[in-house]
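Structural overview
Single-letter residue listing:
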Amino acid sequence: MSGVNKVILVGYLGKDPEIRHLEANTSVAAFTLATTETYTNKEGKRVDQTEWHNVVAWRGLAEIAAKYLQKGKQVYIEGKIRSRSYDDKDGNKRYVTEIVADTLTLLGKKDDQNGQQSDERTTGTPKPDDQLAEIHRTPADDLPF
């Protein structure tokens, strides 16, 4: 039986995405996401507990993240958790746990700067622009089945 590695987060960006272009023109975007849990302790005092997550998006999703995400924006992320290690410049072994995003959805109010709705669901590849979608749209009567 195989396991399930699924992460769902809703939070606020801690910084603008940093995008890098690797060999073969592969894009990767990295950013932090803050999620906050609120509860009442034994004394009846409200306590906020914030957790910071390192998020990585690849290829088309990285380009979309770089274009639309900004510090302070609220976002819904679906992905998987990954742990990796590397050696830093001093030769010390470092461990990193990050969320590899598969899907992101911009949340919140309409963005005043570019007039686009901020609640679009986006997956690993960018959507075609409206003109291309119109050209490739097939009427329901012409379906081959």
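Data block above holds the structure.
Note that the coordinates shown come from a computational prediction; the quantities given were computed from them, not determined experimentally.

Section: the overall build of the chain
- Helix and strand counts for the chain come out as two helices and seven strands.
- Sequence-ordered secondary structure for the chain, helices as α and strands as β, is β-β-β-β-α-β-β-β-α.
- Taken across its 145 residues, the chain has 29% of its residues classed as buried.
- In the chain, the share of contacts with a sequence separation of at least 24, taken over all contacts with a separation of at least 6, comes to 53%.
- For the chain, the exposed surface amounts to about 10800 Å²; the carbon and sulfur share of it is 48%.

Examining the nonpolar core
- Formed by 18 residues in total, the largest nonpolar core has its most connected members in Phe-31, Leu-33, Val-55, Leu-69, Val-75, Ile-77 and Leu-104.
- Listed by contribution, the elements that provide at least two residues to this core are strand E1 (7-13), strand E3 (27-40), strand E4 (46-58), helix H1 (59-68), strand E5 (74-87) and strand E6 (93-106).
- A total of four residues in this core trace back to one element, the largest contributor, which is E6.
- The residues contacting Leu-33, other than those within four sequence positions of it, are Leu-9, Gly-11, Tyr-12, Leu-13, Glu-51, Trp-52, His-53, Val-55, Val-75 and Ile-77.

What about the environment of Ser-27?
- Its place among the elements puts Ser-27 in strand E3.
- For Ser-27, a relative accessible area of 4% gives the class buried.
- Separated by 34 residues in sequence, Ser-27 and Leu-61 place their C-alpha atoms 8.7 Å apart.
- The contacts of Ser-27, once residues within four sequence positions are left out, are Ile-19, Arg-20, His-21, Ala-57, Trp-58, Arg-59, Ala-62 and Glu-63.
- In terms of polar contacts, Ser-27 uses its side chain to reach the side chain of His-21, at 3.1 Å.

Some remarks on the pairing of E3
- Inspection of the sheet shows E1 paired to E3 by two bridges, in the antiparallel sense. Directly across from Tyr-12, in E3, lies its bridge partner Ala-34.
- Hairpin geometry of strand E2 (residues 18-21) and E3 is characterised by an intervening segment of five residues between the two adjacent antiparallel strands and by a positive phi of about 60° at Ala-24.
- Looking at chain direction, E3 and E4 are connected through 13 bridges and run antiparallel. By the bridge assignment for E4, Phe-31 is matched with Val-55.
- The turn linking E3 back onto E4 is made up of five residues, and Gly-44 within it adopts a positive phi angle of 85°.

A look at the pairing of E2
- Pairing geometry for E2 and E3, over four bridges, is antiparallel. If you follow Ile-19 over to E3, its bridge partner there is Ala-29.

Overview of unusual backbone geometry
- The residue Ala-24 is not glycine, and still its phi comes out positive at about 60°.
- Locating Ala-24 in the fold gives a position in the loop between E2 and E3.
- The phi dihedral of Asn-25 falls on the positive side, at around 60°, and the residue is not glycine.

Here is what the cut-offs are and how they apply
- Residues numbered from 1 in each chain as written.
- Predicted model: local features only at pLDDT ≥ 70, side-chain atom pairs only at ≥ 80, totals over all residues.
- Heavy atoms only, no water.
- Helix = DSSP H or I, 4+ residues; strand = E, 2+ residues; numbered from the N terminus.
- Buried < 20%, exposed > 50% of the residue type's maximum accessible area, 1.4 Å probe, protein only.
- Contact = heavy atoms within 4.5 Å.
- Areas by Shrake-Rupley, 256 points an atom, 1.4 Å probe, with all protein chains shown as cover.
- Core = buried A, V, L, I, M, F, W, Y, C linked by side-chain atoms within 4.5 Å.
- Polar contact = N/O pair within 3.5 Å; in protein donor to acceptor, adjacent residues only side chain to side chain.
- Pairing = 2+ DSSP bridges.

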